[in-house]
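The residues making up each chain are set out below.
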Amino acid sequence: SQQGEEDPQALSIQEGENATMNCSYKTSINNLQWYRQNSGRGLVHLILIRSNEREKHSGRLRVTLDTSKKSSSLLITASRAADTASYFCATDPLGGGSEKLVFGKGMKLTVNP
Amino acid sequence: EAGVVQSPRYKIIEKKQPVAFWCNPISGHNTLYWYLQNLGQGPELLIRYENEEAVDDSQLPKDRFSAERLKGVDSTLKIQPAELGDSAVYLCASSLDPQRGEQFFGPGTRLTVL
């Protein structure tokens, strides 16, 4: 079963614009992670935010977490063509052990040069 | 440092045939995961190992799927017999510190069952 659900399912923007992806989940969590997957490749970890954190930055990435709404957002600033990929949120459910991740269906981002 | 290695990258078989996938995790990573990823979906956990022990195999269809990690390093996932619905990408991942949460994924094996 998949807990997270990314929104929108697909987004197409121009290079230089910002991209925002949202993730909603159902159960309480230890942490929430975002991964990127380029076509035909494995997933690459981008950023992790813990349940007691509200915002986190890493380079051009900004993640927010609202545990009361069970939602997270990933902002990519000044997008590049190389950011074209599928993005997944993954939750570590509370009580499930810190090792178990539940992934959403993913969101396809296209950055046009 | 080498990443997670998987082989083969692609496999095409007839239904009812057996198939095996191999994974070598990042050196020193005690935790190893096998995921199934269907087209347009996120990965779904099949089995998780801590060293050589399978600590979570609740999502593994045990009638046809099996896995092993005999020496606590590399791992093999087997399907016997394969069905049409098994066509998917099989991903292997490893982690150094499960408490930290970050997992490192291999490129996956794309299985096509005809």
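Residues numbered from 1 in each chain as written. Chains lettered and ligands numbered in written order. Predicted model: local features only at pLDDT ≥ 70, side-chain atom pairs only at ≥ 80, totals over all residues. Heavy atoms only, no water.

1. Remarks on the packing of aromatic side chains
Point 1. By the definition in use, this model includes eight aromatic pairs over all chains.
Point 2. With centroids separated by 5.5 Å and ring planes inclined at 55°, the aromatic side chains of Tyr35 of chain A and Phe103 of chain A adopt a geometry described as tilted. Taken as a pair, Tyr35 of chain A in strand β4 (residues 29–37) and Phe103 of chain A in strand β10 (residues 102–103) lie far apart in primary sequence, 68 residues in all. Comparing Tyr35 of chain A with Phe103 of chain A shows no difference in burial state: the two are buried.
Point 3. By way of ring pairs, the aromatic residues Tyr35 and Phe103 of chain A together with Tyr33, Tyr35 and Phe105 of chain B are connected into one cluster. (Phe/Tyr/Trp six-rings, centres within 6.5 Å; stacked < 30°, edge-to-face > 60°. Helix = DSSP H or I, 4+ residues; strand = E, 2+ residues; numbered from the N terminus. Buried < 20%, exposed > 50% of the residue type's maximum accessible area, 1.4 Å probe, protein only.)

2. With respect to the sheet that holds strand β7 (residues 61–66) of chain A
All names here are of chain A.
Point 1. In spatial order, the strands read β1-β3-β8-β7-β6; together these five strands make up an open sheet with antiparallel pairing. The sheet is open, and its two edges are formed by β1 (5–7) and β6 (55–58), each paired on a single side. Averaged over all adjacent pairs, the angle separating strand axes in this sheet is 20°, with direction ignored.
Point 2. Pairing analysis gives four bridges linking β6 to β7, with the strands arranged antiparallel. Residue pairing in the sheet places His57 in a bridge with Arg62 of β7. (Pairing = 2+ DSSP bridges. Axes fitted to C-alpha atoms, helices over the stretch in contact; angles between N-to-C directions.)

3. Digging into the pairing of strand β8 (residues 71–76) of chain A
Residue and element names in this part refer to chain A.
Point 1. Among the six residues of β8, five are classified as buried, and the element is accordingly described as predominantly covered.
Point 2. Inspection of the sheet shows strand β3 (residues 19–24) paired to β8 by six bridges, in the antiparallel sense. Bridging from a neighbouring strand, Thr20 pairs with Leu75 of β8.
Point 3. Relative to β8, β7 runs antiparallel, the two being bridged by six bridges.

4. Comments concerning the layout of surface pockets
Point 1. Roughly 640 Å³ of internal volume is contained in the largest pocket.
Point 2. Along the walls of the largest pocket sit 31 residues, with Gln37 of chain A together with Gln37, Leu39, Gly40 and Arg110 of chain B positioned nearest its centre.
Point 3. Counting only elements with at least two residues in the lining of the largest pocket, the list comes to β9 (85–93) and β11 (107–112) of chain A together with β9 (88–95) and β11 (109–113) of chain B.
Point 4. When residues of the lining of the largest pocket are assigned to their parent elements, the largest contribution, four residues, is made by β11 of chain B.
Point 5. Considered class by class, the residues forming the lining of the largest pocket number ten nonpolar, 16 polar and five charged. (1 Å grid on protein atoms, 1.4 Å probe; cavity = no way out; pocket = protein on both sides within 12 Å on 5 of 7 lines; lining within 4 Å. Points joined across faces, edges and corners; volume = space filled by probe spheres on them. Nonpolar A, V, L, I, M, F, W, Y, C, P; charged D, E, K, R; others polar.)

5. Here's the deal with the state of the cysteines
Point 1. Counted under the stated rule, the structure contains two disulfides over all chains.
Point 2. Across the disulfide from Cys23 of chain A sits Cys89 of chain A; the S-S distance is 2.0 Å. Disulfide Cys23 of chain A-Cys89 of chain A: the torsion about the S-S bond is 65°, which places it as right-handed. Of the two residues, Cys23 of chain A is situated in strand β3 and Cys89 of chain A in strand β9; the sequence distance between them amounts to 66 residues. Each member of the pair, Cys23 of chain A together with Cys89 of chain A, is buried.
Point 3. With a sulfur-sulfur separation of 1.9 Å, Cys23 of chain B is cross-linked through a disulfide to Cys92 of chain B. In this structure the cystine formed by Cys23 of chain B and Cys92 of chain B twists about its S-S bond by roughly -70°; its chirality is therefore left-handed. Taken together, the positions of Cys23 of chain B in strand β3 (residues 19–24) and Cys92 of chain B in strand β9 put the pair 69 residues apart, joining distant regions of the chain. (Disulfide = S-S within 2.5 Å.)

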